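# Results of the structural survey
As a plain string of letters, each chain reads:
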Amino acid sequence: MMGTDNSGFSEAGLRRLREVLARYVESGRIPGLVALVSRGGQTHVEAVGSMRHDGGAPMRRDTIFRMASTSKPVTMAAAMVLLDECRLRLDDPVDEWLPELADRRVLARADGPLEDTVPARRPITVRDLLTSTFGLGVDLTLMGSPIMTAVLERANYSGGVGPAPEPDKWMRSLGELPLAYQPGERWQYELSHDVLGVLVARVTGQPFETFLRERVFDPLGMKDTGFHVPADKIDRLPPSYAPDPQTGEFHVWDEAESGRYSRPPAFQHGGGGLVSTADDYHAYFQMLLNGGTHGGERILSRPAVELMTTNRLTPEQNAARNDLAKNNVHLSFGQGQQGGWGFGMAVRTYRGDYAPVGQFGWDGGTGTAAYADPGKQLTGILLTQVGLSTPDPARLIHDFWTTLYQALDD
């Protein structure tokens, strides 16, 4: 157990944290979870419950989880390496590398017919992709519109629509769509991260995962992180559940053995495709807290980390994001209400709950969360196998953070 010096956590606080986590498992709402908290060189891990909702092997510290959108802060590092090395510039047009996105047409009205377009005012830039403002995304404010229907049919592979095609085919299909908004105008979710994966692969001449592994995963010792789970580790992957929103009954969204993460995907989905463990994610977020270094080795420059982990959006770009979070707050329990967005992750720009300004990180639709807090030198990672089809995982993530901030001993 932790001591009570001011660099870490109080023993009473950690006991309460364990009780709050255990309550979700004992209630049957969350079959199992792994939580990691670290501060001032002290790390504390709780593995509670089981791999399956009907029992089975216990959760362990090295259980592998589908990270979903919690992939975004990590896959972003590949692009930051290229910025550090001047192989990409923030305001470079992407046309040279992504000709499919050259000469864009933009919808005259975001919810209007796909044929009614105007020319883009300027090319899409690297910055637009990094900030998720390139003009297309999964946009809940446009649900049911022609563009959103087309995006969900062609480009968004996080749901149950089947496997994505290989990257060149995916880019061609994306390039056939107009943009919903002018480049740089408005934050929209998800797709920019998948485009960034293709961009990194084309700039480096390597598969996206290979470059990530060489420049980020291997130097950080993230040995269980990738876009699929090899056969010799598949027993460490629980099934992923999407409970019935009405009844709460557990439905398997993805099995381990023959499931969608059991073999390398044709498309390495930077927006949500990683599998990982609590310790691997801890290494990554600790590197960000260290200003880009790990064990004396520099992974990213300090300015690159600062760009990623502080707000990059204007109030206009961010307005829709804030509205969306506030109007879904009864489901998301604070997720998305941080006020700011850096590169690949949310950043708190105002204090709306127990977490202070400056905390950065993100959550995943499979019931995952990873955040770090530079002011408190704190990292917290919470991984479950329950998707956000019911509010329970979001409530658990909320209660984890509320309790964790009370466990700080200072």
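The rules behind each value
- Residues numbered from 1 in each chain as written.
- Predicted model: local features only at pLDDT ≥ 70, side-chain atom pairs only at ≥ 80, totals over all residues.
- Heavy atoms only, no water.
- Salt bridge = Lys/Arg side-chain N within 4 Å of Asp/Glu carboxyl O.
- Buried < 20%, exposed > 50% of the residue type's maximum accessible area, 1.4 Å probe, protein only.
- Phe/Tyr/Trp six-rings, centres within 6.5 Å; stacked < 30°, edge-to-face > 60°.
- Helix = DSSP H or I, 4+ residues; strand = E, 2+ residues; numbered from the N terminus.
- Core = buried A, V, L, I, M, F, W, Y, C linked by side-chain atoms within 4.5 Å.
- Contact = heavy atoms within 4.5 Å.
- 1 Å grid on protein atoms, 1.4 Å probe; cavity = no way out; pocket = protein on both sides within 12 Å on 5 of 7 lines; lining within 4 Å.
- Points joined across faces, edges and corners; volume = space filled by probe spheres on them.
- Nonpolar A, V, L, I, M, F, W, Y, C, P; charged D, E, K, R; others polar.
- Pairing = 2+ DSSP bridges.
- Polar contact = N/O pair within 3.5 Å; in protein donor to acceptor, adjacent residues only side chain to side chain.

This part is about the pattern of salt bridges. Taken as a whole and assessed by the stated rule, the structure comprises 25 salt bridges. A salt bridge links arginine 89 to aspartate 92; the nearest nitrogen and oxygen atoms lie 3.1 Å apart. Judged by relative accessible area, aspartate 92 falls into the buried class, the value being 17%. Put simply, aspartate 224 and lysine 233 hold a salt bridge, and the shortest N to O gap is 2.7 Å. A relative accessible area of 8% means that aspartate 224 is categorised as buried. In this structure, a network of salt bridges that share partners links the residues Arg60, Asp62, Asp224, Lys233 and Arg236.

Turning our eyes to something else, we now look at the packing of aromatic side chains. Throughout the structure, instances matching the rule amount to 13 aromatic pairs. With centroids separated by 6.4 Å and ring planes inclined at 15°, the aromatic side chains of phenylalanine 285 and phenylalanine 360 adopt a geometry described as stacked. You can see phenylalanine 285 sitting in helix H8 (residues 278–289) and its partner phenylalanine 360 sitting in strand S14 (residues 360–364), a full 75 residues away along the chain. The exposure class of phenylalanine 360 is buried, given its relative accessible area of 2%. Aromatic pair tyrosine 371 and tryptophan 401: ring centres 5.7 Å apart, planes at 85°, arrangement edge-to-face. Placement of tyrosine 371 in strand S15 (residues 368–373) and of tryptophan 401 in helix H12 (residues 392–406) is noted, with a sequence separation of 30 residues between them.

The next thing to look at is the nonpolar core. If you look at the biggest cluster of nonpolar residues, it comprises 82 residues, and the most contacted ones within it are Leu136, Tyr284, Leu288 and Leu300. Excluding its chain neighbours within four sequence positions, the residues that come into contact with leucine 288 are Leu300, Val305, Met308, Thr309, Met345 and Phe360. If you look at the next biggest cluster of nonpolar residues, it comprises 34 residues, including Leu17, Ala346, Leu378 and Leu408.

Here we come to the layout of surface pockets. The calculated volume of the second largest pocket comes to roughly 210 Å³. For the second largest pocket, the lining is made up of 14 residues, of which Leu288, Glu306, Thr309, Phe360 and Pro374 are closest to its centre. Mapped by element, the contributors of at least two residues to the lining of the second largest pocket are H8, helix H9 (302–309) and strand S13 (346–348). The greatest single-element share of the lining of the second largest pocket, amounting to four residues, is contributed by H9. Looking at the lining of the second largest pocket residue by residue, the classes come out as six nonpolar, five polar and three charged.

Of note, cysteine 86 is a non-glycine position whose phi angle comes to about 60°, a positive value. If you trace the backbone, cysteine 86 turns up in the loop between helix H2 (72–84) and strand S5 (105–107). Exposure remark for cysteine 86: the relative accessible area of 59% places this residue in the exposed category. Despite not being glycine, glutamate 190 has its phi angle at roughly 85°, a positive value. Looking at the secondary structure, you find glutamate 190 in the loop between helix H5 (167–175) and helix H6 (191–204). A relative accessible area of 4% means that glutamate 190 is categorised as buried.

A few words now on the pairing of strand S16 (residues 378–384). The buried fraction of S16 amounts to seven of the seven residues, a majority that puts the element mostly inside the structure. Here S16 shows a buried face lined by Leu378, Gly380, Leu382 and Thr384 and a second buried face lined by Thr379, Ile381 and Leu383. Pairing between strand S1 (residues 32–39) and S16: seven bridges, direction antiparallel. Note that in S16 the partner of valine 34 across the bridge is leucine 383. Where S15 meets S16, six bridges bridge the pair, whose relative direction is antiparallel. In the sheet register, aspartate 373 faces S16, and the bridge partner there is leucine 378. Between S15 and S16, which pair antiparallel one after the other, the connecting turn spans four residues, and glutamine 377 there sits at a positive phi close to 50°.

Structurally, threonine 125 can be placed in the loop between strand S6 (117–119) and helix H3 (126–130). A relative accessible area of 8% means that threonine 125 is categorised as buried.

A few words now on the environment of serine 132. On the secondary structure map, serine 132 appears in the loop between H3 and helix H4 (146–154). Along the backbone, serine 132 and leucine 274 are 142 residues apart, and their C-alpha atoms lie at a distance of 19 Å. Discounting residues that sit within four places of it in the chain, serine 132 has contacts with Arg186, Trp187, Gln188, Ser192, His193 and Trp341. Within the local environment of serine 132, its side chain forms a polar contact with the side chain of serine 192, the two groups lying 2.9 Å apart.

Here the focus is the pairing of strand S2 (residues 42–52). Pairing of S1 with S2, which is carried by eight bridges, proceeds in the antiparallel orientation. Within S2, the position partnered with valine 34 by the bridge is alanine 47. Linking S1 to S2, which pair antiparallel, is a turn of two residues; within it glycine 40 sits at a positive phi near 55°. In terms of strand pairing, S2 meets strand S3 (residues 55–58) through two bridges, oriented antiparallel. Across the sheet, the residue bridging to serine 50 is proline 58, located in S3. Here S2 hands over to S3 after two residues, the two strands then running antiparallel side by side.

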